[in-house]
Each structure stands twice: as C-alpha cells, then as structure tokens.
Amino acid sequence: MGILMKSVEVVASEQLTDRFRLITLQGPALAGAAFVAGQKIQVAMGSAFVARTYTPIDSDPVGGRTRILGYAHGDGPGSNWVRRLEPGEACSIFGPRSSLDTRQISRTLAVFGDETSIGLAHALRHQDRARAAVCHFEVDDIDASRRVTAHLELRHASLHRRRASDAHLAEMEAALPALIALDAAFILSGKSTTIQRLRQSLKRQGVAAGRILSKAYWAPGKSGLD
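Described below are features of the structure shown in this document. (Residues numbered from 1 in each chain as written. Predicted model: local features only at pLDDT ≥ 70, side-chain atom pairs only at ≥ 80, totals over all residues. Heavy atoms only, no water.)

Description of the overall build of the chain
Then, in step 1: Scanning the chain for helices and strands turns up six helices and 12 strands.
Then, in step 2: The C-alpha extent of the chain, read off along each of the three principal axes, is 50 × 35 × 30 Å.
Then, in step 3: Sequence separation of at least 24 residues holds for 67% of the intrachain contacts in the chain that already meet a minimum separation of 6.
Then, in step 4: Summed over all atoms, the accessible surface of the chain reaches about 10,500 Å², with 50% contributed by carbon and sulfur.
Then, in step 5: Here the chain contributes 29 positively and 22 negatively charged side chains, and the mean placements of these two sets differ by 5 Å. (Helix = DSSP H or I, 4+ residues; strand = E, 2+ residues; numbered from the N terminus. Contact = heavy atoms within 4.5 Å. Areas by Shrake-Rupley, 256 points an atom, 1.4 Å probe, with all protein chains shown as cover. Lys, Arg positive; Asp, Glu negative; His and termini not counted. Charge placed at Lys NZ, Arg CZ, Asp CG, Glu CD.)

Right, dumping it as structure tokens:
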C-alpha cells in the first residue's frame, strides 16, 4: 500500500444530510498538486485492492487540502466509510489523476447524473465561472439533494425523483432538445444504465460523439467502478 498510495488525514467531515458528507482531506502529498476539475482520487478501504473513487470538488495546493462530496447510498465499503468518518482519521489515497477533462470546452456544459455526480458538477461549474452549466440529476430524496446543491452553489439544478421502471428518465430526456439547440456539450456521469439511455437518445437526435463525455460511477449489481 505504501508504494501505491499517499497518506492523508481527514481534517473535516461535515454532514450536509443523512447521506451526504463534505469531507476535507489534508496531507503533504496534496501540497502543490495542480487541481483540474473532473479529476478523480481513489480512497483505500483498508486495503490498496479495495478502494472507492471520488471526485475532488476543489483544492488548496498551498495548504495541501482537497474536498470530496461523499454519498452513502448502500451498505458497501464506500458508504460505510462515509457514514463513520471522523476528523483526525488517517486514510490512503491514489491520485489525483485524469478522469473527465473539459478544459478545452468553451460551450455550455449540460451535466446529467445523480447524487454521485453533484461534486463533479460543482467542480466543473467553478472551473470556469464564465462558462454556463446546466445540471440535471436523478435522485432519491429531492429535499436533501436540494440542500446539497444549494450548499455547493448549484441552486438552479433540476432534480428528478427516481420512479419505478426508470419512468423519470423521460423527464431528463425531455430536457435534451433545448440543450442540443444551445450547442451544449454533454457530460454524462453516475449510473451506467442512465448514461447508456441518454447517450442513445443524443445520438438519435444527431449529436456528434465529440460533444458527449461520459463516465459511469456505478452500475447495478457491480461495485468499485473506477
């Protein structure tokens, strides 16, 4: 683990809602690190071979700090880590390293995802404040997610409550034509099957592959996606 990972300390763990925590990590390994919105870090869950991936939402290279938004959505290692985390705990990370890079995109960003994508949206929105960003998230709890998006200055994000048989995805698809007309670039993240459906819808509407970036953070029945 010492070869692969860097040691950092949890210096803050702010509970925003029952499931969301804003976590601050600090350590010499983060000092001087250049922050690029959309990067990822992997946090070891007791072993270098059991890790969960998170998106840094911002960075302080002088202080050697970064923040991540943790979401506890189940009973796996990542969710349990987020729930029990306390300031002063040590942990090991790998990264930051590249994942989604939008620095060359000047057009409006259309960010589609779920609770696990909110941190990414914050990072992208604040990377370039002159660049417009429109956000749509599928979520379990509208009120809790609204508190989190407001805390992270994503006050105008559209939240779609999950419904049986993914009926809510029709609402998200209905938002696509107006964004296509704006010549937006589409950032798809979160649940793999939602990404697949939205990507197929975009292609049917003639959106070029170069206008679509995607990254699956989780998939039903699978764990530990990178």
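What about the pairing of strand 6 (residues 65-71)?
Then, in step 1: By the criterion of burial, strand 6 is predominantly enclosed, with five of the seven residues buried.
Then, in step 2: Both strand 2 (residues 20-26) and strand 6 contribute to a ladder of seven bridges, which runs antiparallel. Paired with I23 across the bridge in strand 6 is I68.
Then, in step 3: Examined bridge by bridge, strand 5 (residues 56-60) and strand 6 share four bridges and lie antiparallel to one another. The residue bridging D60 from the neighbouring strand is R65, located in strand 6.
Then, in step 4: In this antiparallel pair of consecutive strands, strand 5 and strand 6, the connection spans four residues, and G64 shows a positive phi of 65°. (Buried < 20%, exposed > 50% of the residue type's maximum accessible area, 1.4 Å probe, protein only. Pairing = 2+ DSSP bridges.)

What to know about the nonpolar core
Then, in step 1: Core analysis: the biggest nonpolar cluster contains 28 residues, and L69, I118 and F137 have the highest contact counts within it.
Then, in step 2: Contributing elements (two or more residues each) for this core: strand 2, strand 6, strand 8 (109-114), helix 2 (118-127), strand 9 (133-139), helix 3 (142-151) and strand 11 (185-191).
Then, in step 3: The biggest single contributor to this core is helix 2, with five residues.
Then, in step 4: When near neighbours in sequence (up to four residues on either side) are disregarded, L69 contacts L16, F20, R21, L22, Y54, I57, I118, G119, V148 and L152. (Core = buried A, V, L, I, M, F, W, Y, C linked by side-chain atoms within 4.5 Å.)

Quick look at the pattern of salt bridges
Two side chains with opposite charge may pair up if their charged atoms get near one another.
Then, in step 1: One pass over the full model with this rule turns up 14 salt bridges.
Then, in step 2: Ionic pairing is found between E171 and R163, a salt bridge with its closest N-O pair at 2.7 Å.
Then, in step 3: In this structure, a network of salt bridges that share partners links the residues R19, D114, E115, E138, D140 and R162. (Salt bridge = Lys/Arg side-chain N within 4 Å of Asp/Glu carboxyl O.)

Observations concerning the packing of aromatic side chains
Then, in step 1: Applying the stated rule across the entire model yields three aromatic pairs.
Then, in step 2: Seen from their ring centres, F20 and Y71 are 4.7 Å apart, and the 40° between their planes marks the pair as tilted. Highlighted residues: F20 in strand 2 and Y71 in strand 6, separated in sequence by 51 residues. Assigned by exposure class, F20 and Y71 land together as buried.
Then, in step 3: Considering the side-chain rings of F112 and F186, the 6.4 Å spacing of their centres and the 35° angle between planes classify their relative orientation as tilted. With F112 in strand 8 and F186 in strand 11, this residue pair connects regions lying 74 residues apart in the sequence. Neither F112 nor F186 differs from the other in exposure class; each is buried. (Phe/Tyr/Trp six-rings, centres within 6.5 Å; stacked < 30°, edge-to-face > 60°.)

Focus: the side chain of T17
Then, in step 1: Its place among the elements puts T17 in the loop between strand 1 (6-15) and strand 2.
Then, in step 2: By relative accessible area, which is 7% here, T17 ends up buried.
Then, in step 3: A polar contact of 3.2 Å, which involves the side chain of T17, links it to the backbone nitrogen of F20.
Then, in step 4: Contacts of T17, omitting those with residues within four sequence positions, involve A144, R147 and V148. (Polar contact = N/O pair within 3.5 Å; in protein donor to acceptor, adjacent residues only side chain to side chain.)

Focus on helix 2
Then, in step 1: Here helix 2 lies mainly inside the structure; seven of its 10 residues are buried.
Then, in step 2: The complete set of buried residues in helix 2 reads I118, G119, L120, A121, H122, A123 and L124.

Quick look at helix 3
An α-helix turns once per 3.6 residues; consequently, residues spaced three or four apart project the same way.
Then, in step 1: All of the buried residues along helix 3 are I142, A144, S145, V148 and T149. End-on, the buried residues of helix 3 take up no more than an arc of 165°, which puts them together on one face.
Then, in step 2: Packed against the buried residues of helix 3 are strand 2, strand 6, helix 2, strand 9 and strand 10 (158-161). (Arc of directions from axis to C-beta.)

Remarks on unusual backbone geometry
Trans peptide bonds make up most of the peptide bonds, and negative phi angles are found at most residues other than glycine.
Then, in step 1: Cis geometry marks the peptide bond from G95 to P96; its omega dihedral reads 5°.
Then, in step 2: Along the polypeptide, P96 turns up in strand 7 (residues 90-97).
Then, in step 3: Positive phi is not limited to glycine here, since S165 has a value of about 60°.
Then, in step 4: Examined against the element boundaries, S165 turns out to sit in the loop between strand 10 and helix 4 (169-174).
Then, in step 5: Taking relative accessible area as the criterion, S165 reaches 76% and is therefore assigned exposed.

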